[in-house]
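Chain residues, written in single-letter form:
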Amino acid sequence: MDLRGKYTHIFFDADDTLWENEQYFRDAEARFTELLADYTSPEGVQQMLWEKQEDNIPLFGYGSKTYMIGMADAALDLCEGHLPEHIYYGVKKIITDLAFHELELIDGVVDTLEALQGRYKLIVATKGDLTEQMAKYRKSGLAQYFHHCEVMENKDQRNYLELCAKNDLNPSQLLMIGNSVKSDIAPVVEIGGTAIHIPHEVVWVHEMMDMPESDRIIEVNEIRDILKFLQ
Ligand SMILES: [Mg+2]
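Definitions and limits used
Residues numbered from 1 in each chain as written. Predicted model: local features only at pLDDT ≥ 70, side-chain atom pairs only at ≥ 80, totals over all residues. Domains from an automatic or database assignment. Contact = placed C-beta atoms within 7 Å. Nonpolar A, V, L, I, M, F, W, Y, C, P; charged D, E, K, R; others polar. Axes fitted to C-alpha atoms, helices over the stretch in contact; angles between N-to-C directions. Helix = DSSP H or I, 4+ residues; strand = E, 2+ residues; numbered from the N terminus. Parallel < 35°, antiparallel > 145°, perpendicular 65-115°, else oblique. Left-handed = near helix turned anticlockwise from the far one by under 90°. Pairing = 2+ DSSP bridges.

1. Structural notes on the domain arrangement of the protein
Where interface size is given, it is often the accessible area lost as the parts come together that is meant.
Move 1: Each assigned domain of the protein is listed here: domain 1 (9–19 + 104–230) and domain 2 (23–99).
Move 2: The distance between the C-alpha centroids of domain 1 and domain 2 comes to 28 Å.
Move 3: Counting residues at the interface gives 9 residues for domain 1 and 12 residues for domain 2.
Move 4: Looking at the side of domain 1 that touches domain 2 residue by residue, the class counts come to 3 nonpolar, 2 polar and 4 charged.

Structure representation (structure tokens):
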């Protein structure tokens, strides 16, 4: 598929598309599992945490603060209502480390953005906690390549239609690049847009979904490969 001249704007997912993210959450979960090792099996901790995240995400959105609440809820249940101080502060330390870790850009991101800059309006389209996502965007050093960063409430069809309206685009003019089939690919093609999928080796369990059938989905191995379709 040749996308040259077809698009004026390109939207990029951020977490695990521009910079590493999911691995830090996996590491935080491993530390949490270790912290609760005296109370149940690693599988039991993971299951409880998963359930609490499912409960809290619709209420509080995405990001490490919601993880904090989920971990505290899970710990409270696993400790049968008697949450020891060291567990609560252990959770808080895990989350603090998660929220303020160093940002590691994914290989090829800078070269790719340099090649596209000035030829397309580049916009970051991420979801999650506003303060957290904007802090990562500024810390990344990538702001110089982007027109701006949109922090979306979620990434479903409605949110993408709102994104198009905000940027004066018809959904058919939406080109989205990202690693999550559920958040970056499926809703975009469902509203008539085009998506380029760059899989990341670590996928969050809440983001897992089968790839939909569409001739408006391109799959590439790494971010540099998108230039083949855009230069
Ligand atoms: Mg992502």
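2. A few points about the packing of helix α1 (residues 22–35) against helix α4 (residues 85–99)
Move 1: Where α1 contacts α4, the two axes come as close as 10 Å, and the packing angle between them is 165 degrees. Relative to α4, the element α1 is oriented roughly antiparallel. Between α1 and α4 the crossing geometry is right-handed. Here Tyr24, Phe25, Ala28, Arg31, Phe32 and Leu35 of α1 lie close against α4, whose contacting residues are Ile87, Gly90, Val91, Ile94 and Leu98.

3. Some words on the sheet that holds strand β4 (residues 175–178)
Move 1: One open sheet holds the 6 strands; their spatial order is β3-β2-β1-β4-β5-β6, and the pairing between them is parallel. Of all the strands in the sheet, the pair left with one neighbour each is β3 (148–152) and β6 (217–219). Between one strand axis and the next, the sheet turns through 25 degrees on average, direction left out of account.
Move 2: Two elements, strand β2 (residues 121–127) and β3, share 5 bridges in a ladder whose sense is parallel. Bridge pairing in β3 places Val124 opposite Cys149.

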